[in-house]
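# Working through the structure, step by step
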Amino acid sequence: MKLLTQPTKIAALILALLIFPFITNSLLGQGWLRIADFALLYIMLALGLNIVVGYAGLLDLGYIAFFAVGAYTYALLGSPQFGLHWPLWIVLPLGALLACGFGVLLGAPTLRLRGDYLAVVTLGFGEIIRIFMNNLNAPVNITNGPQGISMIDPLSIGEFSFGKTHDLLGLTFTPVHLHYYLFLGFTLLIIFVSLRLQDSRIGRAWMAIREDEVAASAMGINTRNVKLLAFAMGATFGGISGGLFAGFQGFVSPESFSLMESIMILCMVVLGGMGNISGVVLGGVLLVILPEAFRHGAGPLQQALFGKIVLDPESLRMLMFGLALILVMLWRPAGLWPSTQRRRELMPDESVAHQEQETVYDAAK
Amino acid sequence: MTQPNETLLTLSGVGKHFGGLAALSDVSLHIQRGEIYGLIGPNGAGKTTLFNIITGLYQLDQGTFNFDGNTYRHCKSHVLAKAGIARTFQNIRLFANMTALENIMVGCHVRTRSGVWGALLRHSAARKEEHEIARRAHELLCYVGIHRPAHILAKNLSYGEQRRLEIARALATNPKLLALDEPVAGMNATETESLKALLQTICASGITVLLIEHDVKLIMGLCDRIAVLDYGKKIAEGIPEEVRRNPAVIAAYLGGEVA
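### Regarding the overall build of chain B
From N to C terminus, chain B includes 10 helices and 10 strands. Taken over C-alpha atoms, the radius of gyration comes to 19 Å for chain B, in line with the 18 Å a tight globule of 259 residues would show. Within chain B, the fraction of its 259 residues that count as buried is 46%. Once local pairs closer than 6 in sequence are excluded, the contacts in chain B between residues at least 24 apart make up 68%.

So, in structure tokens, the structure goes:
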């Protein structure tokens, strides 16, 4: 029996997401809304990586590079660095397009590689991009090196700037609040794209490659093109997220694009549930919110328990993170919210279990 | 539609080396449209190597390979699949974690066109195509005789059903030539008999079948013509009766004076 139809559920969910900032603002304060903004950026990244890792089964450890490309594109074209102040509707698509180009650039030479080998090459690629950003300040200063680029233009559409507080209909919308809506819009768009791709001819081709590349090729799938498409799509999402990040933060530096970030995003995908959009979103939310909650909670808790800080919350955070990873991998190897398929992999169908029992019974007779 | 004596596939002087080992040397054969062509030989005779060349998994070192009027050299599997060669694998290679239906739907990939925009916008053409793919997949599932929920994972099917699903997946590519690598390996007599009937139905529908098999009885009863490989060379070719009586074939299988 279904009480709610699919469209009603979706409408209710979107409404809840729209009201969410007012609730956190009144209960927890602006700080948490800012964390929610970052969670949305990470969800976009995780959804992008999900296409590469979850659907096509290509292990990419340098995914943050595409985020960097998007962010630096926005930063260079919308800051005093070159005195350029291009509008959002040019810079953001351009960043996405460039990231897409880099995706193909990374994909093309790694087409023959699989598994560990691919992971190593992509890891190297991620580092190359970061080191480039770090060193492109001499002989010609492009990226301003390790100092990064600051005073980046806030995100704005026409006259409407997301960097200023606006009053609408008697409600006050702070920049953090406005960014939340903007990011939410983009996240929903990316979820929509992912959902549509998942149940399509292209999605099936990706999954076929993940399952067995030789068989996929024998079935007439042009594995080269389909893999490049996965890299390009994933990178595009990363580029969009990067551009939004630069505009939101107002500052980018190579530090934000370390290997640790790539691994973090991969963890969101794997912990949440590879190949399942809801799982990936959940992974993104948890891995952003929990460490923050921990950072705020661990200090006072220790004070209360021991009367002093025994362990630095920052290092404790990493410890807990590692522990959580191990526990999830032990108890829920397919992720917290696996796709129906993965769930079926781990828990055989009722009918199959029944049938197997019958076979055993037959054999015993 | 199919003319009985028209050649579909011609191999002439095909050779393949792995390092110093000549897996195939100077093999020539031709397969007629609409026939069931059997390829037999002792273990290590080069059957699967030949098979992999025909389906684009290996590239040939010498000779030419002509299919349906076109010559192929250094061709990838997917190009040959598009040209109309579909295959199954000796050790079943299904997309284990996809459903039975999805496996067949992947087979339809090569005959459909919908791309990223079709997937995103779901315009009427894309929806129609997707509907058609699903319809065809259901149809093929019945055709090969898998009477199970379509959404069962491929790896949860029984061994015999997995073999059949592989055939269904290959048929979904609308092949002109269906190449089967030991389709009845590991099956019991009843299963073999029903698979034989399926292959005859497939052949009757106008698809040419190439069969590698160890089960000599099946091959003799099913094939229109047979080629025998031994040590990478073709030692005999002809109708089953001729091959059965060929002294070189008897020598290869039972041992004997090496010519």
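### Details of the overall build of chain A
Across its full length, chain A carries 14 helices and 8 strands. At 22 Å, chain A has a C-alpha radius of gyration in line with the 21 Å of a compact globule built from 365 residues. When its C-alpha atoms are laid out on the principal axes, chain A stretches across 80 × 55 × 50 Å. When each of the 365 residues of chain A is scored for burial, the buried share is 42%. When contacts within chain A are restricted to residue pairs at least 6 apart in sequence, those whose partners lie at least 24 apart make up 73%.

### Digging into helix α7 (residues 201–211) of chain A
For α7(A), the buried fraction is high: 11 of the 11 residues fall into the buried class. All of the buried residues in α7(A) are A:R201, A:I202, A:G203, A:R204, A:A205, A:W206, A:M207, A:A208, A:I209, A:R210 and A:E211. In this structure, the buried side of α7(A) is in contact with α2 (30–55), α6 (175–198), α8 (213–218) and α9 (223–249) of chain A together with α3 (100–107) and α4 (116–121) of chain B.

### Here we look at the pairing of strand β10 (residues 233–238) of chain B
Residue and element names in this part refer to chain B. Examined bridge by bridge, strand β9 (residues 225–230) and β10 share 5 bridges and lie antiparallel to one another. Paired with L229 across the two strands is K234, which belongs to β10. In sequence, β9 turns back onto β10 through a hairpin of 2 residues, with Y231 there showing a positive phi of about 50 degrees.

### So, the packing of α2(A) against helix α11 (residues 277–306) of chain A
Residue and element names in this part refer to chain A. It is the contact of α2 with α11, at a shortest axis distance of 8 Å, that shows an interaxial angle of 140 degrees. By the angle class used here, α2 and α11 are oblique. Considering the relative orientation of α2 and α11, their crossing is right-handed. Contacts between α2 and α11 pair I35, F38, A39, Y42, I43, A46, L47 and N50 from the former with I277, V280, V281, G283, G284, V285, V288, I289 and E292 from the latter.

### A closer look at unusual backbone geometry
Note that the residue after A:A138, namely A:P139, is joined by a cis bond; omega there is -5 degrees. When you line up the elements, A:P139 lands in the loop between α5 (115–135) and β3 (149–150). For B:E182, which is not glycine, the phi dihedral falls at a positive 50 degrees. Its location among the elements puts B:E182 in the loop between β7 (177–181) and α7 (189–204). Judged by the 20 C-beta atoms lying within 10 Å of it, B:E182 falls in the buried class.

### Brief notes about the sheet that holds strand β4 (residues 62–67) of chain B
All names here are of chain B. Taken in spatial order, the 4 strands line up as β2-β1-β4-β5 in an open sheet, and their pairing is antiparallel. Across the chains shown, the open sheet's two edge strands, defined by having one partner strand only, are β2 (21–32) and β5 (70–71). Alignment of strand β1 (residues 7–18) against β2, held across 8 bridges, turns out to be antiparallel. Following the sheet pairing, F18 is matched in β2 by L21.

### Points about helix α1 (residues 47–54) of chain B
For an α-helix, 3.6 residues make a turn, and residues three or four places apart therefore share a direction. Residues and elements named next belong to chain B. Across the 8 residues of α1, 7 count as buried, placing the element largely inside the fold. Listed in full, the buried residues belonging to α1 are K47, T49, L50, F51, N52, I53 and I54. Looking at the residues trailing α1, positive phi occurs at G56, about 85 degrees.

### A short note on the sheet that holds β10(B)
Residue and element names in this part refer to chain B. Strand order in the open sheet formed by 6 strands is β6-β7-β8-β3-β9-β10, and the pairing between neighbours is mixed. In this open sheet, the two strands that pair with only one neighbour each are β6 (85–87) and β10. Between one strand axis and the next, the sheet turns through 20 degrees on average, direction left out of account. The pairing of β6 with β7 spans 3 bridges and is classified as parallel. When the sheet's bridge partners are listed, I85 is paired in β7 with L177. The strands touched by α1 within the sheet are β3 (36–40), β6, β7, β8 (208–212) and β9, with β7 carrying the most contacts at an inclination of about 150 degrees. Its contacts with the sheet put α7 on β3, β7 and β8, and the angle it makes with β8 is roughly 145 degrees.

### Observations concerning the interface of chain A and chain B
Listed as interface residues are 27 residues of chain A and, on the opposing side, 32 residues of chain B. Every element with two or more residues in the side of chain A that touches chain B is listed here: α6, α7, α8 and α13 (340–346) of chain A. It is α7(A) that provides the largest number of residues to the side of chain A that touches chain B, a total of 7 residues. Each residue belonging to the side of chain A that touches chain B can be placed in one class, and the counts come to 13 nonpolar, 6 polar and 8 charged.

### Considerations on the confidence of the model for chain B
A residue-level look at chain B finds 97% of positions with pLDDT of 70 or above and a mean pLDDT of 89. Scoring the predicted complex yields pTM 0.88 and, for the interface, ipTM 0.90.

### Notes on the pairing of β8(B)
Residue and element names in this part refer to chain B. The element β8 is largely enclosed, with a buried count of 5 among its 5 residues. Neither face of β8 is left uncovered, since the one carrying T208, L210 and I212 and the one carrying V209 and L211 both have all their residues buried. Bridge count for β3 against β8 is 4 bridges, and the pairing is parallel. Residue I36 lies in a different strand from β8, and its bridge partner there is V209.

### A short note on the environment of B:N188
Residue and element names in this part refer to chain B. Considering the arrangement of structural elements, one finds N188 in the loop between β7 and α7. A tally of 9 C-beta atoms within 10 Å means that N188 is categorised as exposed. Here the alpha-carbon distance between N188 and G160, two residues 28 residues apart in the chain, equals 9.2 Å.

### Comments concerning the packing of helix α3 (residues 64–77) of chain A against α9(A)
Residue and element names in this part refer to chain A. Two elements in contact, α3 and α9, have axes separated by 6 Å at closest approach and are oriented at 45 degrees. Regarding the angle of α3 to α9, the classification is oblique. You can see that α3 and α9 cross each other, and the crossing is right-handed. Judged by residue contacts, F66, F67, A68, V69, G70, A71, T73, Y74 and A75 of α3 engage A235, G238, G239, I240, S241, G242, G243, F245, A246 and G247 from α9. Considering only residue class, the contact of α3 with α9 consists of 11 nonpolar, 8 polar and no charged.

### Digging into the environment of A:P93
Structurally, A:P93 can be placed in helix α4 (residues 88–107). With 150 residues separating them in the primary sequence, A:P93 and A:G243 have C-alpha atoms 8.8 Å apart.

Rules used in this analysis
- Residues numbered from 1 in each chain as written.
- Chains lettered and ligands numbered in written order.
- Predicted model: local features only at pLDDT ≥ 70, side-chain atom pairs only at ≥ 80, totals over all residues.
- Helix = DSSP H or I, 4+ residues; strand = E, 2+ residues; numbered from the N terminus.
- Rg over C-alpha atoms; globule rule 2.2 N^0.38 Å.
- Buried ≥ 20, exposed ≤ 12 C-beta atoms within 10 Å, placed from the backbone.
- Contact = placed C-beta atoms within 7 Å.
- Pairing = 2+ DSSP bridges.
- Axes fitted to C-alpha atoms, helices over the stretch in contact; angles between N-to-C directions.
- Parallel < 35°, antiparallel > 145°, perpendicular 65-115°, else oblique.
- Left-handed = near helix turned anticlockwise from the far one by under 90°.
- Nonpolar A, V, L, I, M, F, W, Y, C, P; charged D, E, K, R; others polar.
- pLDDT = per-residue confidence, 0-100.

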